[in-house]
There are 2 protein chains.
Amino acid sequence: MRLPHSHPLDLEHGRIDLSHGAGGRAMAQLIEDLFARELGNEFLAQGDDGARLPACTGPLVMATDAHVVSPLFFPGGDIGCLSVHGTINDVAVMGAQPLYLAASFVLEEGLPLAGLARIVASMAAAARAAGVPVVTGDTKVVERGKADGVFITTTGVGVRLAGIDVSGANARPGDAVLVSGPLGDHGMAIMSVRENLAFDAPIVSDTAALHGLIADLLAAAPDVRVLRDPTRGGLAATLNEIAHQSGVGIVLDEAAIPVRPAVAAACELLGLDPLDIASEGRLIAICPAAGAERALAALRAHPLGTEAVRIGEVIADERRFVQMKTRFGGRRMVDWLAGDALPRIC
Amino acid sequence: MRLPHSHPLDLEHGRIDLSHGAGGRAMAQLIEDLFARELGNEFLAQGDDGARLPACTGPLVMATDAHVVSPLFFPGGDIGCLSVHGTINDVAVMGAQPLYLAASFVLEEGLPLAGLARIVASMAAAARAAGVPVVTGDTKVVERGKADGVFITTTGVGVRLAGIDVSGANARPGDAVLVSGPLGDHGMAIMSVRENLAFDAPIVSDTAALHGLIADLLAAAPDVRVLRDPTRGGLAATLNEIAHQSGVGIVLDEAAIPVRPAVAAACELLGLDPLDIASEGRLIAICPAAGAERALAALRAHPLGTEAVRIGEVIADERRFVQMKTRFGGRRMVDWLAGDALPRIC
Ligand SMILES: Nc1ncnc2c1ncn2[C@@H]1O[C@H](COP(=O)(O)OP(=O)(O)OP(=O)(O)O)[C@@H](O)[C@H]1O
Ligand SMILES: Nc1ncnc2c1ncn2[C@@H]1O[C@H](COP(=O)(O)OP(=O)(O)OP(=O)(O)O)[C@@H](O)[C@H]1O
Ligand SMILES: [Mg+2]
Ligand SMILES: [Mg+2]
Ligand SMILES: [Mg+2]
Ligand SMILES: [Mg+2]
Ligand SMILES: [Mg+2]
Ligand SMILES: [Mg+2]
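Scoring rules and cut-offs
Residues numbered from 1 in each chain as written. Chains lettered and ligands numbered in written order. Predicted model: local features only at pLDDT ≥ 70, side-chain atom pairs only at ≥ 80, totals over all residues. Heavy atoms only, no water. Helix = DSSP H or I, 4+ residues; strand = E, 2+ residues; numbered from the N terminus. Rg over C-alpha atoms; globule rule 2.2 N^0.38 Å. Buried < 20%, exposed > 50% of the residue type's maximum accessible area, 1.4 Å probe, protein only. Contact = heavy atoms within 4.5 Å. Areas by Shrake-Rupley, 256 points an atom, 1.4 Å probe, with all protein chains shown as cover. Donors = N, O, S within 2.8 Å, 3.2 Å for Na, K, Ca; no water. Near = heavy atom within 4 Å. Polar contact = N/O pair within 3.5 Å; in protein donor to acceptor, adjacent residues only side chain to side chain. Nonpolar A, V, L, I, M, F, W, Y, C, P; charged D, E, K, R; others polar. Pairing = 2+ DSSP bridges. Axes fitted to C-alpha atoms, helices over the stretch in contact; angles between N-to-C directions. Least-squares fit on C-alpha atoms with pLDDT ≥ 70 in both. Parallel < 35°, antiparallel > 145°, perpendicular 65-115°, else oblique. Left-handed = near helix turned anticlockwise from the far one by under 90°. UniProt positions renumbered as here; feature names shortened; annotations may be inferred. Expected span 1.5 Å × (residues − 1).

Q: Mind laying out the overall build of chain A, listing which residues take part and the relevant values?
A: Regarding its fold elements, chain A presents eight helices and 14 strands. On C-alpha atoms alone, chain A measures out to a radius of gyration of 21 Å, which is about the 20 Å that the 2.2 N^0.38 rule sets for 346 residues. Seen through its principal axes, chain A has C-alpha atoms that stretch 70 × 50 × 35 Å. Counting over 346 residues, chain A shows a buried share of 63%. A separation of at least 24 residues holds for 84% of the contacts in chain A among residues at least 6 apart in sequence. When the accessible area of chain A is evaluated, it comes to approximately 12,100 Å², of which 52% is carbon and sulfur surface.

Rendered as structure tokens:
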């Protein structure tokens, strides 16, 4: 549908105003000349109230995440690619192949169109690289001071891989706990911008789509029992959730947990524990101990898993504690963070 | 997963704080004791990163909408039921049976839990009444002044009904244009609260899930060509979209267009045209003229379509104009609203 618009969108100096969310000509132009142009695919081009998609050949998986990260742009990414990666990852860790994304935008009046265009371009590039198109969307505008630039909710649909049964409830005593790489890069990339921390080299977000890594892992090790992306709350929250769902304990080996020196230093400075800090491109996998080396080899063979390591094991524990063997030979509890050290990191 | 929480949620006097979006214990408690308790179903209970769903038996449809309506509560509904109805309707007007919803929440710090609980209860009741469960969700919190109470994005998935082919691109000259009931109730219900208009009887939103009405219509009249819910931009925007998609003109009969007296009066007072005002529980259907009476009868036989009428016809017109035969025998253009008379009505 090509509409006759009187003025072209001024992507250089223009700003979002309330008419861009009003359901009339201005909104149609914004969708056509910015969103659909960047995200363009055969489904989005249908132009109806939603997307008409092919039939799926297997059980469905559905996941959704709102993204409210601040700042909108950060070292290694922005809210656009983050919102694509985050939802792809939540579908993929369910043992599913991500197929389609929906994206809904809440825009604040006054938002520069140039910034929005960068965000949408980043989203489009991430979706294209992942092979998961944004097939439908929505655009709302709220008055200045009633939002914070842009919020993006993405929802993903995928189809479960045959022969795979992963869930946070499947961990069993004796299983090995693996992680695909260093922890906390994303959260500390955001914090170091916000807190104006200066390092020799900036901390760069790990934001990435993990479905390729997961497909390779599951092909090599179909007996993997749990997959999860350690986002908000970091490794500590993720493992506590799994311990609760599975009714087990987990013991980590502090010396084995990978954290980049710059991330460790920034955490030290801010009084944070790297175990509580979000990653957006890391994978936690729990698998039978006997298959751990095979699984690690598969992870390491993928560009996103070169630094994969084994960091602990699942034990029988009715109290469902997550504990850590410290470098000094002691043990400490790894609890969930009670408060909120890191608001709006995703 | 039953977590050991030290304090119960104070649903009477409590407020949202940043910890409710931090990925730790407070968020888990909010999800468990409010969202999952109200919305509860077998899929949400899985507690993984998304929902594991059955396989679907046909081509998929996917639709998404952010909801930013202000005020959050209005005569006839609230943001909770609205966000369920709106997305169900966008799936249903694609000629599909809505099956599952995802819901993501952006909450403003300081939001009273009592208000949130009412909203979630309303959402749950709407989802239950519609038979379309909320199978997965997300919860983010932003600082006070960075959102406006609650924003809710819902995404729906459904499966296309066999033998049905509806699209905004399918209208043909000679077709009849039908509407399921009076227009503009929803938009004017919101505006009359906002503008403090006092009427003898308040204007009540028409918000409703239309999939039952649509199923009955399509069973009686499978040759229906276009279905659409006239939300933002009202009938005027909806018909202009269809005219553009289909490459046709449309001529409306002003005398036939149903508008309640109170809505007409409020529009008059505010200088608005009822044709630009959103409905959230009305259906526009375009079908071959020969089948129009059968289609109307099917609409009228359903509780949500008792006031269904024929309001116009599709004509050949390369300019794709939507026009109206006025009560006085003249013709006027029905253009899209240029600006934004009604921000944040959904
Ligand atoms: N930000 C966006 N990016 C990509 N596509 C979009 C975006 N916003 C809207 N669209 C697409 O534009 C079309 C019209 O969307 P729109 O939101 O107006 O329809 P609707 O949901 O039926 O109306 P409403 O939101 O008023 O209920 C849809 O096909 C939708 O997928
Ligand atoms: N508001 C909500 N209503 C219903 N269920 C919710 C809500 N918020 C979260 N959930 C559910 O709680 C579980 C955990 O959600 P959470 O958002 O913590 O997971 P995640 O998306 O993997 O993490 P992150 O959002 O940090 O990326 C999921 O099963 C999700 O469906
Ligand atoms: Mg997530
Ligand atoms: Mg996750
Ligand atoms: Mg929409
Ligand atoms: Mg809609
Ligand atoms: Mg619609
Ligand atoms: Mg989430």
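Q: Pulling in residues and values, what's your account of the coordination of the magnesium ion (ligand 3)?
A: Residue and element names in this part refer to chain A. Every protein donor of the magnesium ion (ligand 3) is listed here as Asp65 (OD) and Asp90 (OD), and their distances to the metal cover 2.0 Å. Taken as an interatomic distance, the gap from the magnesium ion (ligand 3) to the magnesium ion (ligand 4) is 3.7 Å; Asp90 donates to each of them. Of this pair, Asp65 sits in strand β2 (residues 59-67) while Asp90 is found in helix α2 (residues 79-92), placing the two residues 25 residues apart along the sequence. Residue Asp65 shares its accessibility class with Asp90, and that shared class is buried.

Q: Hey, could you go over the site of ligand 2 for me, with residue numbers and the actual values?
A: If you check the shell around ligand 2, you find 16 residues, and the closest are Thr231 and Arg232 of chain A together with Asp48, Thr136 and Thr139 of chain B. Residues lining ligand 2 come from chains A and B. A distance of 3.0 Å separates an oxygen atom of ligand 2 from a polar side-chain atom of Asp49 of chain B. Contact with the protein chains removes 91% of the 620 Å² of surface that ligand 2 exposes when unbound. Elements that contribute at least two residues to the shell around ligand 2 include exactly α1 (25-39) and β6 (134-142) of chain B. Considering only residue class, the shell around ligand 2 consists of five nonpolar, four polar and seven charged.

Q: How would you summarise the sheet that holds strand β1 (residues 51-55) of chain A if you had to cite specific residues and measurements?
A: Across the sheet, which stays open at both edges, the five strands sit in the order β1(A)-β2(B)-β7(B)-β5(B)-β6(B) with mixed pairing between neighbours. Only two strands of the sheet have a single neighbouring strand rather than two, namely β1 of chain A together with β6 of chain B. Here the average twist between neighbouring strands, direction ignored, is 20°.

Q: An account of the relation of the copies chain B and chain A is requested, with residue identities and associated values reported.
A: Note on the identical chains: chain B maps onto chain A by a rotation of 180° and an axial translation of 0.0 Å, with an RMSD of 0.0 Å. The operation mapping one copy onto its partner corresponds to a two-fold rotation axis. Using C-alpha coordinates, one finds that chain B approaches the rotation axis most closely at Ala147 of chain B, a distance of 2.1 Å. When the interface residues of chain B are mapped onto chain A, 100% of them again fall at the interface, so both copies present the same face.

Q: Explain the packing of helix α5 (residues 211-220) of chain B against helix α8 (residues 292-300) of chain B residue by residue, including any values.
A: Residue and element names in this part refer to chain B. It is at 9 Å that the axes of α5 and α8 come closest, and there the two elements cross at 150°. Judged by the inter-axis angle, α5 sits roughly antiparallel to α8. Where α5 crosses over α8, the handedness of that crossing is right-handed. Note on element contacts: α8 touches α5 through Arg294, Ala295, Ala298 and Leu299, opposite Leu213, Asp216, Leu217 and Ala220. Looking at the contact of α5 with α8 residue by residue, the classes come out as six nonpolar, no polar and two charged.

Q: Go over the UniProt feature "domain: PurM-like N-terminal" (unreviewed entry) in chain A, please, and point to the residues and values.
A: In the numbering adopted here, UniProt assigns the feature "domain: PurM-like N-terminal" (unreviewed entry) to residues 48-159 of chain A. Counted over residues 48-159 of chain A, helix gives 29% and strand 45%. Its end C-alpha atoms are 24 Å apart.

Q: Go over the site of ligand 1 with me, naming the residues and quoting the values.
A: Around ligand 1, 16 residues are found, and the nearest of them are Asp48, Thr136 and Thr139 of chain A together with Thr231 and Arg232 of chain B. Close to ligand 1, residues of chains A and B are found. In this structure, an oxygen atom belonging to ligand 1 sits 3.0 Å away from a side-chain N or O atom of Asp49 of chain A. At a separation of 2.9 Å, an oxygen atom of ligand 1 approaches a polar side-chain atom of Asp65 of chain B. If you list the elements that add at least two residues to the shell around ligand 1, you get α1 (25-39) and β6 (134-142) of chain A. Residue composition of the shell around ligand 1, by class: five nonpolar, four polar and seven charged.

Q: Before we move on, can you summarise the UniProt feature "domain: PurM-like C-terminal" (unreviewed entry) in chain A with the specific residues and values?
A: UniProt feature "domain: PurM-like C-terminal" (unreviewed entry): in the numbering of this structure it lies at residues 172-324 of chain A. Across residues 172-324 of chain A one finds 34% helix and 17% strand; the C-alpha atoms that close the span lie 18 Å apart.

Q: Go over the side chain of His20 of chain B, please, and point to the residues and values.
A: All names here are of chain B. Its place among the elements puts His20 in the segment before α1. The exposure class assigned to His20 is buried, which follows from its relative accessible area of 7%. Ignoring any residue separated from it by four or fewer positions in sequence, one finds His20 in contact with Leu9, Arg15, Ala26, Met27, Leu30, Thr139 and Val141.

Q: Any chance you could break down helix α6 (residues 234-246) of chain B for me, citing the residues and the numbers?
A: Residue and element names in this part refer to chain B. With 13 residues, α6 ought to run about 18 Å at 1.5 Å a step, and its terminal C-alpha atoms sit 18 Å apart, in line with that. Gly234, Leu235, Ala236, Ala237, Thr238, Leu239, Asn240, Ile242, Ala243, His244, Gln245 and Ser246 are the residues of α6 that are buried. Two residues or fewer after α6 comes Gly247, characterised by a positive phi angle close to 70°.

Q: I'd like a description of the sheet that holds strand β7 (residues 150-160) of chain A, backed by residues and values.
A: Taken together, five strands build an open sheet; the order of strands is β6(A)-β5(A)-β7(A)-β2(A)-β1(B) and the sheet is mixed. Every interior strand has two partners, whereas the edge strands, β6 of chain A together with β1 (51-55) of chain B, have only one. Taking each pair of neighbouring strands and ignoring which way they run, the sheet shows an average axis angle of 20°. Packed on one face of the sheet, α1 of chain A meets β5 (96-108) and β6 of chain A and runs near 140° to β6 of chain A.

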